Amino acid sequence: MFTPWRSALPYALWITFPSWAVGIAVTVAGTAGFGEDTNLTGGDPASWALTQVAFLTICTLTLATARRLMTPLPRALAVLTDGILYLAVLGLVQALPDAGLDVALLDGMAMWWFWGMFTLQIPAAWGLSAWRSGHLQAVIKARYRLDGVRP
């Protein structure tokens, strides 16, 4: 059994994009609530945008590929597996541009994981994964006869 792309890709999109939007919305609301500047990009908008696009793309592809290549899992294991993958991609993609400057890679990853928890991005990803894992379709591989024709 396997999960087809037509099921794995929407699943990954439903986890990645809304959870990222929750993180952005909570960050903007939090900074506006304290009367601070709501500029998310810092000093370099192009670098910030590139990092965000990279995260969205890599996370979607990672989650979809994992669902496609792995056998269908129970919901709890799917949430656990995809949560670990989401954390790994979030930490690596966000911390990698700063690695080697003044922050070690693991320290940067831990900071981004904390920030993801603080902005509810990671809990949103877990919740969306728990919800959407029930919508994944499992397909049985077709068997072929010796002459190569499907029965």
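A brief report on the enclosed structure follows. (Residues numbered from 1 in each chain as written. Predicted model: local features only at pLDDT ≥ 70, side-chain atom pairs only at ≥ 80, totals over all residues. Heavy atoms only, no water.)

Some points on unusual backbone geometry
This is how it is decided: Helix and strand definitions here come from DSSP, where helices need a minimum of 4 consecutive H or I residues and strands a minimum of 2 consecutive E residues; each element is numbered from the N-terminal end. Burial status follows relative accessibility: with a 1.4 Å probe on protein chains alone, a residue under 20% of its type maximum counts as buried, one over 50% as exposed, and anything between as partly exposed.
Non-glycine residue Leu 120 carries a positive phi angle of around 65°. The topology assignment puts Leu 120 in the loop between helix H4 (105-118) and helix H5 (121-132). Classification of Leu 120 as partly exposed rests on a relative accessible area of 44%.

Thoughts on the pattern of salt bridges
Two side chains bearing opposite charge may form a pair once their charged atoms approach each other closely. What counts is decided by this rule: Within this document, salt bridges are pairs made up of a side-chain nitrogen of Lys or Arg and a carboxyl oxygen of Asp or Glu, the two lying within 4 Å of each other.
Applying the stated criterion across every chain yields a total of one salt bridge. Across the pair Arg 67 and Asp 82 runs a salt bridge whose closest N-O atoms are separated by 3.1 Å. Within this pair, whereas Arg 67 is found in helix H2 (residues 45-69), its partner Asp 82 is found in helix H3 (residues 75-95), the two being separated by 15 residues in sequence. Taken as a pair, Arg 67 and Asp 82 share a single burial class, namely buried.

With respect to a nonpolar patch on the surface
Rules: A patch consists of residues exposed above 30% relative accessible area that lack any salt bridge, with like charges linked at up to 9 Å and nonpolar side chains (Val, Leu, Ile, Met, Phe, Trp, Tyr) linked at up to 5 Å. The Shrake-Rupley method, run with a 1.4 Å probe sphere, supplies the accessible areas, and residue values consider only the shown protein chains as cover.
On the surface, Leu 9, Leu 13 and Phe 17 cluster together into a nonpolar patch covering about 240 Å² of accessible area. In this fold, Phe 17 is placed in helix H1 (residues 5-33). On the basis of relative accessibility, which here comes to 37%, the residue Phe 17 falls in the partly exposed class.

Re the packing of aromatic side chains
We apply this condition: Each pair of aromatic rings taken from Phe, Tyr and Trp, with Trp reduced to its six-membered ring, is defined by centres within 6.5 Å and is described as stacked if the planes are under 30 degrees apart, edge-to-face if over 60, and tilted in the remaining cases.
With the rule as written, the count across this model stands at four aromatic pairs. Aromatic pair Phe 114 and Phe 118: ring centres 6.4 Å apart, planes at 15°, arrangement stacked. Of this pair, Phe 114 and Phe 118 both sit in helix H4, four residues apart, roughly one helical turn. On the basis of relative accessibility, which here comes to 58%, the residue Phe 114 falls in the exposed class. A relative accessible area of 54% places Phe 118 in the exposed class. Between Trp 115 and Phe 118, the ring centres sit 5.4 Å apart and the planes meet at 35°, which makes this aromatic pair tilted. Remark: Phe 118 and Trp 115 occur in helix H4; sequence separation between them is three residues, near one turn of the helix. Here Trp 115 falls in the partly exposed class, since its relative accessible area comes to 34%. Put simply, the rings of Phe 114, Trp 115 and Phe 118 pair up and form one aromatic cluster.

With respect to the packing of H4 against H5
To keep things clear, this is the line we draw: Helix axes are fitted only over the stretch in contact, all axes being lines through C-alpha atoms; the angle between N-to-C directions runs from 0 to 180 degrees. Here is the rule for angles: anything less than 35 degrees is roughly parallel, anything more than 145 is roughly antiparallel, 65 through 115 is roughly perpendicular, and the remaining ranges are oblique. Contacts between residues were defined by any pair of non-hydrogen atoms, one from each residue, lying within 4.5 Å. Only Asp, Glu, Lys and Arg are considered charged, only Ala, Val, Leu, Ile, Met, Phe, Trp, Tyr, Cys and Pro nonpolar, and every remaining residue, Gly among them, polar.
Across the interface, H4 lies against H5 with an axial gap of 4 Å and an inter-helix angle of 70°. Taken together, the axes of H4 and H5 are roughly perpendicular relative to one another. Within the contact between the two elements, H4 uses Trp 113, Gly 116 and Met 117 and H5 uses Gln 121, Ile 122, Pro 123 and Trp 126. Class assignment for the residues of the contact of H4 with H5 results in five nonpolar, two polar and no charged.

Observations concerning the nonpolar core
Operational definition: Definition used in this section: a nonpolar core is a set of buried Ala, Val, Leu, Ile, Met, Phe, Trp, Tyr and Cys residues joined via side-chain atoms within 4.5 Å.
Ranked by size, the top nonpolar core spans 15 residues in total, and within it Ile 15, Phe 55, Cys 59, Leu 63, Tyr 86 and Val 89 carry the most contacts. Every element with two or more residues in this core is listed here: H1, H2, H3 and H5. When residues no more than four places from it in sequence are discounted, the contact partners of Tyr 86 are Ile 15, Thr 16, Ser 19, Trp 20, Phe 55, Cys 59, Leu 63, Gln 121, Ile 122 and Ala 125.

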